[in-house]
Amino acid sequence: MKSTTSRNLPAVANLLAFETTARLGSVTEAAEELCLTQSAVSKQVSELESFLGIRLLDRRKGAVTATATGEAYLKQVRTVLNLLEEATLEVLSGRGAGGRLDLSVPVSLGNIWLLPRLLQFAKQHPQIQLNITTKVGPVDLVHSGLDAAIMYCAGPPPGHFGVQVMPLELFPVCAPDRLPRGGSLAQALRSLPLLHQNAAPDAWPAYLAQIGAKVARPADGPRYGLLTMGLQAAVGGMGLALLPDYVTGDDIAAGRLLRVSRRGYLSPKAYYFVCLEEKRTHPTLVTFVEWLLDAAHAAAAP
């Protein structure tokens, strides 16, 4: 088989025959899955091997296995076929014109704050497909294949565009039964362990310095990887936590948590929408950012 264009691209049918045969380990089963004859499948694989000038499959009685080169090529072929299928499904589903946005969000912010609001976005922009994944910590937008991310950070890294979505303001909370009615923050600090968040490890020492309170060892106490973990620990009576309103709001309203003080701690970091600089003017991305900022503004309103 020779390429009919100036590009070194094999026929998709040949790639499908190769991938299916290697995956199933059988020409017979590949022929059944592809609704072809065995000879047609064998011919397509042979055409691909001829095009590449190398053997991709070892054919033995009762089994077919990929060669070392074939196995390495197979990984790339599967990625390309999956991307091609995904792009085709977008067009077939009518979403091709509106575009797609692959977005990473922090786990707690995504589950508690963003996801409940996405129905509103879907109704306003049904032509856009929004795919959400979660990530703890920094997101590599250069190599991950993601279009953008909401990150908890001090600002966008070099080569990236960023806009602040919302600050992270933390308030001291605990289970009501751990602090008698009328109990003060000073009393809570004396009697309860401090619960720390890995996302903001310096929050308690900074907050205590801000309010002029002294605790013998402010860095002591259990640490939690997610804000939702810290929330459940506080609700369960494990101690005194510093958490944002978007995490604690429902539990405070239901009486499962008590805000111990109106004085909060404003983290030097915030939630930013971040994308690569060259993507900042993409229409789908611009549409989502405008909606996201409107949603954050509405949530912050009294």
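Please read these numbers as outputs of a predicted model, since none were measured by experiment. (Residues numbered from 1 in each chain as written. Predicted model: local features only at pLDDT ≥ 70, side-chain atom pairs only at ≥ 80, totals over all residues. Heavy atoms only, no water.)

1. Here's the deal with unusual backbone geometry
In step 1: The backbone of Cys35 sits at a positive phi, close to 60 degrees, despite the residue not being glycine.
In step 2: By secondary structure assignment, the location of Cys35 is in the loop between helix H2 (27-34) and helix H3 (38-52). (Helix = DSSP H or I, 4+ residues; strand = E, 2+ residues; numbered from the N terminus.)

2. As for the packing of H2 against H3
In step 1: Contact geometry for H2 and H3: axes closest at 8 Å, N-to-C directions at 100 degrees. As the angle between them shows, H2 and H3 are arranged roughly perpendicular. Between H2 and H3, the residues in contact are Val27, Thr28, Ala30, Ala31 and Leu34 and Gln38, Val41 and Ser42, respectively.
In step 2: For the contact of H2 with H3, the class distribution of residues is 5 nonpolar, 3 polar and no charged. (Axes fitted to C-alpha atoms, helices over the stretch in contact; angles between N-to-C directions. Parallel < 35°, antiparallel > 145°, perpendicular 65-115°, else oblique. Contact = heavy atoms within 4.5 Å. Nonpolar A, V, L, I, M, F, W, Y, C, P; charged D, E, K, R; others polar.)

3. A word on the environment of Asp177
In step 1: Residue position: Asp177 is located in the loop between strand E6 (160-174) and helix H7 (185-191).
In step 2: Put simply, Asp177 and Gly237 are 60 residues apart on the chain and 7.7 Å apart in space, counted from C-alpha to C-alpha.

4. Concerning helix H10 (residues 245-253)
In step 1: Turning to H10, its buried residues number three or more, namely Tyr246, Val247, Thr248 and Asp251.
In step 2: Two residues or fewer after H10 comes Gly255, characterised by a positive phi angle close to 80 degrees. (Buried < 20%, exposed > 50% of the residue type's maximum accessible area, 1.4 Å probe, protein only.)

5. Thoughts on the pattern of salt bridges
In step 1: Summed over all chains, the structure comprises 11 salt bridges.
In step 2: Residue Asp102 pairs with Arg100 through a salt bridge whose shortest N-O separation is 2.9 Å.
In step 3: With a shortest N-O distance of 2.5 Å, Arg256 and Asp251 are connected by a salt bridge.
In step 4: Using a relative accessible area of 10% as the deciding quantity, one classes Asp251 as buried.
In step 5: Through salt bridges with shared partners, a single ionic network connects Glu19, Arg23, Glu33 and Arg78. (Salt bridge = Lys/Arg side-chain N within 4 Å of Asp/Glu carboxyl O.)

6. Description of the packing of helix H1 (residues 12-24) against H2
In step 1: The interhelical angle for the contact between H1 and H2, taken along N-to-C directions, is 125 degrees, at an axis separation of 8 Å. Between H1 and H2, the interaxial angle falls into the category oblique. Between H1 and H2 lies a crossing whose hand is right-handed. Residue-level inspection shows Leu16, Ala17, Thr20, Thr21, Arg23 and Leu24 of H1 in contact with H2, the latter providing Val27, Glu29, Ala30, Glu33 and Leu34.
In step 2: Considered class by class, the residues forming the contact of H1 with H2 number 6 nonpolar, 2 polar and 3 charged. (Left-handed = near helix turned anticlockwise from the far one by under 90°.)

7. A short note on the packing of aromatic side chains
In step 1: Taken as a whole and assessed by the stated rule, the structure comprises 8 aromatic pairs.
In step 2: Directly above the ring of Phe171 sits Arg259, whose terminal nitrogen or CZ lies 3.8 Å from the centroid. (Phe/Tyr/Trp six-rings, centres within 6.5 Å; stacked < 30°, edge-to-face > 60°. Lys NZ or Arg CZ within 6 Å of the ring centre and 35° of its normal.)

8. Section: the UniProt feature "domain: HTH lysR-type" (unreviewed entry) in the chain
In step 1: Within this numbering scheme, the UniProt entry marks residues 15-67 as carrying the feature "domain: HTH lysR-type" (unreviewed entry).
In step 2: Summarising residues 15-67: 62% helix, 15% strand, and an end-to-end C-alpha distance of 15 Å. (UniProt positions renumbered as here; feature names shortened; annotations may be inferred.)

9. Some points on helix H8 (residues 203-211)
In step 1: Within the span of H8, buried status applies to Ala203, Trp204, Tyr207, Leu208 and Ile211. For H8, the buried positions fall inside an angular range of 125 degrees around the axis, keeping them on one side. (Arc of directions from axis to C-beta.)

10. Describing the pairing of strand E2 (residues 63-66)
In step 1: Relative to E2, strand E1 (residues 57-60) is paired through 4 bridges, and the arrangement is antiparallel. Within the sheet, the bridge partner assigned to Arg60 lies in E2 and is Ala63.
In step 2: A loop of 2 residues connects E1 with E2, the two strands running antiparallel in sequence, and Gly62 in this loop sits at a positive phi of about 85 degrees. (Pairing = 2+ DSSP bridges.)

11. A look at a nonpolar patch on the surface
In step 1: Where nonpolar side chains cluster on the molecular surface, the patch consists of Val12, Leu16 and Leu84 and spans about 230 Å² of accessible area.
In step 2: Considering the arrangement of structural elements, one finds Leu84 in helix H4 (residues 68-92).
In step 3: Given the relative accessible area of 42%, Leu84 is considered partly exposed. (Patch = residues over 30% accessible without salt bridge, like charges linked within 9 Å, V, L, I, M, F, W, Y side chains within 5 Å. Areas by Shrake-Rupley, 256 points an atom, 1.4 Å probe, with all protein chains shown as cover.)

12. Structural notes on the nonpolar core
In step 1: Judged by nonpolar contacts, the single largest core of 57 residues is most densely connected at Leu240 and Phe273.
In step 2: With near-sequence residues (within four places) excluded, Leu240 lies in contact with Pro172, Val173, Cys174, Leu185, Ala188, Leu189, Leu192, Pro193, Leu194, Leu195, Trp204 and Val260.
In step 3: Core analysis: the second largest hydrophobic core is formed by 16 residues, Ala31, Val45, Leu57 and Val77 among them. (Core = buried A, V, L, I, M, F, W, Y, C linked by side-chain atoms within 4.5 Å.)

13. Let's talk about the environment of Glu49
In step 1: With respect to the element layout, Glu49 can be found in helix H3.
In step 2: Linking Glu49 and Leu9, residues 40 residues apart in sequence, is a C-alpha distance of 13 Å.
In step 3: Glu49 has contacts with Ile54, Arg55, Leu56, Leu57 and Arg59, leaving out every residue within four places of it along the chain.

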